Amino acid sequence: MSKDRLKELKEELKLAKEANTLTAENINTIVHDAVAKIIKELEFDRDMTADAIKDVLDTTRSSLDEFGELTTQNIKAGSEGIQKALKDEMDFHSKKFKELHQVLAEESEKDMKIALDEAKQSLHHVKAFGELSLDVFHHALEGAINGAKKALDEKKSKNHD
């Protein structure tokens, strides 16, 4: 994480102090915004983010102490700002993961349906030649097709739950 972000955080806290707006709510917002920027910069790398969060908390604490505003309420507000930024990022990634999963599931289902249709067409073409041993093949393929359809139906019902 760049030291510039920590300087920005300290400067934002200082400006709020000078403007007499250094409230718990404002501290929460300032810290949240700083953490959100840092997380985006680090692309939510777990180890780097953990180190950066510690640095943010240390900077917030030392800045508040320097300004004579180091109170339990203000530290709690900073911590809550950090937690909210992390939760926002987790929610964002969770939503993206669900969207990706849905797209992949739909594509897999389409591919499977196409393969089943092609298998059925092949079966009908082969049967048309009238080979006696194809009866056994036909029953085996029909069983495979029905099994695949059943698996798709079960998958659909699980996705809708």
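Being a predicted model, the structure only gives us computed values, none of them experimental.

Participant: Break down the confidence of the model for the protein chain for me, citing the residues and quoting the values.
Facilitator: Mean pLDDT over the protein chain: 83, with 86% of residues reaching 70 or higher. When pLDDT is averaged over each element of the protein chain, helix α1 (residues 3–18) comes out on top at 92 and helix α5 (residues 134–160) at the bottom at 74.

Participant: Explain the packing of α1 against helix α2 (residues 24–42) to me, and be specific about the residues and the numbers.
Facilitator: The interhelical angle for the contact between α1 and α2, taken along N-to-C directions, is 165°, at an axis separation of 10 Å. As judged from the angle between their axes, α1 and α2 are roughly antiparallel. As for how α1 packs across α2, the hand of that crossing is right-handed. Where α1 abuts α2, its residues Arg5, Glu8, Leu9, Glu12, Leu13 and Ala16 lie against Asn26, Ile27, Ile30, Val31, Ala34, Lys37, Ile38 and Glu41. Among the residues making up the contact of α1 with α2, the classes are represented as eight nonpolar, one polar and five charged.

Participant: Lay out the pattern of salt bridges with the relevant residues and their values.
Facilitator: Counted according to the given criterion, the structure contains twelve salt bridges. Of the charged contacts in the structure, one is a salt bridge between Lys17 and Glu69, with a shortest N-O distance of 2.7 Å. Within this pair, whereas Lys17 is found in helix α1, its partner Glu69 is found in the loop between α3 (46–66) and α4 (72–128), the two being separated by 52 residues in sequence. Judged by relative accessible area, which is 32%, Lys17 ranks as partly exposed. Measuring nitrogen to oxygen at the nearest pair gives 2.9 Å for the salt bridge that ties Asp58 to Lys54. Here Asp58 pairs with Lys54, and both are found in helix α3, just four residues apart, close to one helical turn. A network of salt bridges, in which partner residues are shared, links Arg5, Glu8 and Glu41.

Participant: Which residues make up the nonpolar core, and what are the values?
Facilitator: Of all hydrophobic cores here, the largest spans 23 residues; its most connected members are Leu9, Leu13, Leu22, Ile27, Val31, Val35 and Val56. Elements with a contribution of two residues or more to this core: α1, α2, α3 and α4. The leading source of residues in this core is α2, at nine residues. Excluding anything up to four places from it in sequence, Val31 contacts Leu9, Val56, Thr60, Gly78, Gly81 and Ile82. With five residues, the next largest nonpolar core counts Leu116, Leu141, Ile145 and Leu152 among its residues.

Participant: Before we move on, can you summarise the side chain of Glu109 with the specific residues and values?
Facilitator: With respect to the secondary-structure elements, Glu109 resides in helix α4. Relative accessible area serves as the criterion here: at 18%, Glu109 is assigned to the buried category. Discounting residues that sit within four places of it in the chain, Glu109 has contacts with Leu152 and Lys156.

Participant: Go over a negative patch on the surface, please, and point to the residues and values.
Facilitator: On the surface, a cluster of negative charge is made up of Glu43, Asp45, Asp47, Asp51 and Asp55. Mapped onto the secondary structure, Glu43 falls in the loop between α2 and α3.

Participant: An account of α1 is needed here, citing residue identities and associated values.
Facilitator: Taking 1.5 Å of rise per residue, 16 residues should cover 22 Å, and α1 covers 22 Å from first to last C-alpha, within 8% of that figure. Of the residues making up α1, those classed as buried are Arg5, Leu6, Leu9, Leu13 and Ala16. Down the axis of α1, the buried set is contained in an arc of 105°. They therefore lie on one face. Structural note: α1 exposes Lys3, Lys7 and Glu18 on the side pointing more than 90 degrees away from its buried face. Considering only its buried residues, α1 is in contact with α2 and α3. Once α1 ends, the next one or two residues include Asn20, with phi positive near 60°.

Conventions adopted
- Residues numbered from 1 in each chain as written.
- Predicted model: local features only at pLDDT ≥ 70, side-chain atom pairs only at ≥ 80, totals over all residues.
- Heavy atoms only, no water.
- pLDDT = per-residue confidence, 0-100.
- Helix = DSSP H or I, 4+ residues; strand = E, 2+ residues; numbered from the N terminus.
- Axes fitted to C-alpha atoms, helices over the stretch in contact; angles between N-to-C directions.
- Parallel < 35°, antiparallel > 145°, perpendicular 65-115°, else oblique.
- Left-handed = near helix turned anticlockwise from the far one by under 90°.
- Contact = heavy atoms within 4.5 Å.
- Nonpolar A, V, L, I, M, F, W, Y, C, P; charged D, E, K, R; others polar.
- Salt bridge = Lys/Arg side-chain N within 4 Å of Asp/Glu carboxyl O.
- Buried < 20%, exposed > 50% of the residue type's maximum accessible area, 1.4 Å probe, protein only.
- Core = buried A, V, L, I, M, F, W, Y, C linked by side-chain atoms within 4.5 Å.
- Patch = residues over 30% accessible without salt bridge, like charges linked within 9 Å, V, L, I, M, F, W, Y side chains within 5 Å.
- Areas by Shrake-Rupley, 256 points an atom, 1.4 Å probe, with all protein chains shown as cover.
- Lys, Arg positive; Asp, Glu negative; His and termini not counted.
- Charge placed at Lys NZ, Arg CZ, Asp CG, Glu CD.
- Expected span 1.5 Å × (residues − 1).
- Arc of directions from axis to C-beta.

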